[in-house]
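Observations on the three-dimensional arrangement
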Amino acid sequence: MVNANRVGQRFHVGDRVRKKTLGGIRTPRTGKIVGVQQQLNSKKIACYYYQVIWDDLSKTKPSIHAQQALISLNDKTTIS
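This section reports on the structure supplied with the text. Residue indices begin from 1 for each chain and proceed along its sequence in written order. Totals for whole chains, interfaces and linings use every residue, but because this is a predicted model, local features are given only for residues with pLDDT of at least 70 and side-chain atom pairs only at 80 or more, for both listing and counting. Hydrogens and waters are ignored; side-chain quantities use all the structure's heavy atoms.

**Quick notes on the nonpolar core**
Of all hydrophobic cores here, the largest spans eight residues; its members are F11, V17, I33, Y48, Y50, V52, W54 and L70. Looking at which element gives the most residues to this core, the answer is strand β3 (residues 46-54), with four residues. The contact rule is simple, with two residues in contact once any of their heavy atoms fall within 4.5 Å. Apart from residues no more than four positions distant in its own chain, V17 is found in contact with F11, R29, T30, G31, I33, V52, W54, L70, I71, S72 and L73. Grouping buried Ala, Val, Leu, Ile, Met, Phe, Trp, Tyr and Cys residues that are joined through side-chain atoms within 4.5 Å yields what is termed a nonpolar core. Summary of the burial criterion: residues with accessible area below 20% of their type's maximum are buried, those above 50% are exposed, and those between are partly exposed, where the area comes from a 1.4 Å probe applied to protein chains only. A run of H or I in DSSP becomes a helix once it reaches four residues, and a run of E becomes a strand once it reaches two; helices and strands are each numbered from the N terminus.

Encoded structure:
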């Protein structure tokens, strides 16, 4: 069965994003995407991971996050 809601690569290098928060009250973390990695899962479906340099952390090493954990700063949705 094919998932009709599947999206491809949502972000690109240079995009500004924020990380979703899962409960609790935290200051939203914002950053810039500096790299994209594509991996195939066990069902041979492409999953995207992004290297993000956060504004509030050291700029020496980016952290890697799954696409579903990030929201575009241009996005109008209010998912927290």
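**Structural notes on the pattern of salt bridges**
Salt bridges are counted wherever a side-chain nitrogen of Lys or Arg sits within 4 Å of a carboxyl oxygen of Asp or Glu. Counted by the stated rule, this structure contains two salt bridges. Salt-bridge contacts for R16 lead to D55; the nearest nitrogen and oxygen are separated by 2.6 Å. A residue pair is termed long-range when its members are at least 10 positions apart, and R16 in strand β1 (residues 16-19) and D55 in the loop between β3 and β4 (63-66) qualify at 39 residues. On the accessibility criterion, R16 (35% relative accessible area) is partly exposed. Between R29 and D56 there is a salt bridge, with its nearest N and O atoms 3.6 Å apart. Of this pair, R29 sits in the loop between β1 and β2 (30-40) while D56 is found in the loop between β3 and β4, placing the two residues 27 residues apart along the sequence. Using a relative accessible area of 52% as the deciding quantity, one classes D56 as exposed.

The quantities given are spatial measurements derived from coordinates; they are silent on function.
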